[in-house]
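Chains, contacts and geometry: an overview
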Amino acid sequence: MAKLFFRYAAMNAGKSTALLQVAHNYEERGHRVRIFTAQLDDRYGQGLVTSRLGPQREAELFHADAEYLLNDFLNRYPESPMVDDAALALANYYYRLKKYRKAYEQFNKLEDFTLPAGEQDEFNFRMGYSAYMSDDYEAAARAFFTVKDGNSKYATAAQYFYAHMSYVNEKYETALTE
């Protein structure tokens, strides 16, 4: 008989690593394993479950009602330890759909949110770009500033936008040196 397992935990708890290990063990014993992931989670590529340690595998995508379900969860369970994860997923969902004002609103709810170092630059860049597209140039400049001098794939674009924000905010000397 088929079994469905649902596991949840806080960020950095090793959920993806554990899932990939369990799937491997079941398949080694000849069992069929199906892994599902949200269509809106494309941090490592759409339709992939990836551990921060490196292993990954394809997964089946699901849920057209993601926006409704995430908003419903956020409204019904505001004290849940998973609220930040849901708000981040919703912010990234809006960002991918180019609904920057809504993305910016969600990113703002996560200002004290701690992400692993590798994901912090992406978060700050998306926050900055959403702020930029929402005409909040001061907030955009602050977000881009945190990314521009790093070595992530977002650094060059963040430096460009930071210089542009400096120009828009009439900080011409800063704009020229960036």
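Residues numbered from 1 in each chain as written. Predicted model: local features only at pLDDT ≥ 70, side-chain atom pairs only at ≥ 80, totals over all residues. Heavy atoms only, no water.

Scanning all chains against the criterion turns up 1 cavity of 30 Å³ or more. Considering only enclosed or pocket space, the largest cavity measures out at about 70 Å³ in volume. Lining the largest cavity are Arg43, Leu88, Asn92, Leu115, Glu119, Glu122, Phe123 and Arg126. (1 Å grid on protein atoms, 1.4 Å probe; cavity = no way out; pocket = protein on both sides within 12 Å on 5 of 7 lines; lining within 4 Å. Points joined across faces, edges and corners; volume = space filled by probe spheres on them.)

So, about helix 7 (residues 155-168). The terminal C-alpha atoms of helix 7, which comprises 14 residues, lie 20 Å apart, in line with the 20 Å expected from a rise of 1.5 Å per residue. Listing the buried residues of helix 7 in full gives Ala155, Ala158, Phe161, Tyr162, Ala163, Met165 and Ser166. Following helix 7 by one or two positions, Glu170 has its phi on the positive side, about 60°. (Helix = DSSP H or I, 4+ residues; strand = E, 2+ residues; numbered from the N terminus. Expected span 1.5 Å × (residues − 1). Buried < 20%, exposed > 50% of the residue type's maximum accessible area, 1.4 Å probe, protein only.)

Interhelical geometry of helix 2 (residues 66-76) versus helix 3 (residues 83-96) gives an angle of 150° and a closest axis separation of 10 Å. When the axes of helix 2 and helix 3 are compared, the pair comes out roughly antiparallel. Between helix 2 and helix 3 lies a crossing whose hand is left-handed. Residues Glu67, Leu70, Asn71, Phe73 and Leu74 of helix 2 lie in contact with helix 3, whose contacting residues are Val83, Ala86, Ala87, Ala89, Leu90, Tyr93 and Tyr94. (Axes fitted to C-alpha atoms, helices over the stretch in contact; angles between N-to-C directions. Parallel < 35°, antiparallel > 145°, perpendicular 65-115°, else oblique. Left-handed = near helix turned anticlockwise from the far one by under 90°. Contact = heavy atoms within 4.5 Å.)

This part is about the packing of helix 6 (residues 137-148) against helix 7. Across the interface, helix 6 lies against helix 7 with an axial gap of 8 Å and an inter-helix angle of 145°. In the crossing of helix 6 with helix 7, the sense of the turn from one axis to the other is left-handed. For the pair helix 6 and helix 7, contact is made by Tyr137, Ala140, Ala141, Phe144, Phe145, Val147 and Lys148 and by Ala155, Ala158, Gln159, Phe161, Tyr162, Met165 and Val168, respectively. Taken together, the residues that form the contact of helix 6 with helix 7 break down as 12 nonpolar, 1 polar and 1 charged. (Nonpolar A, V, L, I, M, F, W, Y, C, P; charged D, E, K, R; others polar.)

In this model, the chain carries an average pLDDT of 83, and 91% of its residues clear a pLDDT of 70 or more. Per-residue pLDDT, averaged within each element of the chain, yields its smallest value for strand 4 (residues 60-62) (57) and its largest for helix 4 (residues 100-108) (94). (pLDDT = per-residue confidence, 0-100.)

Here we come to the side chain of Ser51. Assignment of secondary structure puts Ser51 in the loop between strand 2 (48-50) and strand 3 (56-58). The class for Ser51 is buried, based on a relative accessible area of 3%. Residues within four places of Ser51 in sequence aside, it is in contact with Ser16, Thr17 and Leu20.

Attention shifts here to the environment of Ser166. Looking at where Ser166 falls in the secondary structure, it is placed in helix 7. Taking the C-alpha atoms as reference points, Ser166 and Pro78, 88 residues apart in sequence, are found 37 Å from one another. With sequence-adjacent residues up to four places away left out, Ser166 is seen in contact with Lys171, Tyr172, Thr174 and Ala175.

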